[in-house]
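Breakdown of the fold
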Amino acid sequence: VVQMVTDEATKKGMKEIKGSLFKKGAKLSKAWKERMCHLDPAGQKLSYFTKKKADGDGDEFGDLHGEIHLRAVMSVRAFTTEMATEQKLPQGMFGFELDEPDRTWYLAVGEAALGDAEREAKRDEWVTALKAIMALTGSEDLIKTGTVRKLEGKYRKTWAKRYMVIDPVTQT
């Protein structure tokens, strides 16, 4: 399946995108931090790196900090004004979110050298590319989520409500 998607991405002319995005922390620190990002359509992932200090070699990518596997992403949405306020998006940034079953990722374009219209266009470029990869992989059709009731307990059996994720391809 991965090889077929890789070939299809090449045929459709999908290109890698590299650039600076701000990512909102998920755990203790909810601060927006600048990360160098690489969208790889063939690998179906968005990798983010620490920003390397300027050393003159032209490569701003530092150490790999994490990856978002696009096959698990259920939707991509550009921020509305209300969403930007709720997520405390700094002034002049244009954000978007990636929804997974167990996490929502918040990312934003905030390059100071660009004007508002350019930042918004850059954000739209990221969102369009992400949606194209999701449509190609069919990720919105692959993963099903919901709640089920399950009988639990060794000695005292009780019914518990549990959140489940099912991937029809692997049947897990």
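Residues numbered from 1 in each chain as written. Predicted model: local features only at pLDDT ≥ 70, side-chain atom pairs only at ≥ 80, totals over all residues. Heavy atoms only, no water.

**Quick look at the nonpolar core**
- With 21 residues, the main nonpolar core has Leu39, Leu46, Ile68, Val76, Phe96, Leu98 and Trp126 as its most contacted residues.
- Put simply, the parts of the chain that give this core at least two residues each are β1 (17-24), β2 (32-40), β3 (45-51), β6 (94-99), β7 (104-109) and α3 (116-137).
- Beyond its immediate sequence surroundings of up to four residues, Val76 is in contact with Phe96, Glu97, Leu98, Val127, Leu130, Lys131 and Met134.
- In terms of nonpolar packing, the next biggest core, distinct from the first, is built from nine residues, Trp32, Ala84, Met93 and Tyr106 among them. (Core = buried A, V, L, I, M, F, W, Y, C linked by side-chain atoms within 4.5 Å. Buried < 20%, exposed > 50% of the residue type's maximum accessible area, 1.4 Å probe, protein only. Helix = DSSP H or I, 4+ residues; strand = E, 2+ residues; numbered from the N terminus. Contact = heavy atoms within 4.5 Å.)

**With respect to the confidence of the model for the chain**
- With 77% of its residues at a pLDDT of at least 70, the chain reaches an overall mean of 79.
- Scored below 50 in pLDDT, residues 1-6 shows five contacts in the model against residues more than four places distant or in partner chains. (pLDDT = per-residue confidence, 0-100.)

**A look at the pattern of salt bridges**
- Enumeration over the complete set of coordinates arrives at seven salt bridges.
- Measuring nitrogen to oxygen at the nearest pair gives 3.2 Å for the salt bridge that ties Asp99 to Arg77. Taken together, the residues Asp99 in strand β6 and Arg77 in strand β5 (residues 75-78) connect sequence positions 22 residues apart.
- By relative accessible area, which is 12% here, Asp99 ends up buried.
- Close ionic contact of Asp116 with Arg119 constitutes a salt bridge, the shortest N to O distance being 2.4 Å. Residue Asp116 and its partner Arg119 are both found in helix α3; the two are separated by three residues, about one turn of the helix.
- Several salt bridges converge on common partners, so that one network encompasses Arg77, Glu97 and Asp99. (Salt bridge = Lys/Arg side-chain N within 4 Å of Asp/Glu carboxyl O.)

**Digging into the sheet that holds β1**
- One open sheet holds the seven strands; their spatial order is β4-β3-β2-β1-β7-β6-β5, and the pairing between them is antiparallel. Unpaired on one side and paired on the other, β4 (61-69) and β5 mark the two borders of the sheet. Pairs of neighbouring strands in the sheet enclose a mean axial angle of 35 degrees, with direction left out of account. (Pairing = 2+ DSSP bridges. Axes fitted to C-alpha atoms, helices over the stretch in contact; angles between N-to-C directions.)

**Side note on the pairing of β6**
- Counting buried residues along β6, six of its six residues qualify, which places the element largely inside the surrounding structure.
- Both faces of β6 are covered, namely the face carrying Phe94, Phe96 and Leu98 and the face carrying Gly95, Glu97 and Asp99.
- Judged from the four bridges that link them, β5 and β6 form a sheet pairing that is antiparallel. Each residue of the ladder has a partner; that of Arg77, found in β6, is Glu97.
- Where β6 lies against β7, six bridges are found, and the strand directions are antiparallel. Along β7, the bridge assignment pairs Asp99 with Thr104.
- In this antiparallel pair of consecutive strands, β6 and β7, the connection spans four residues.

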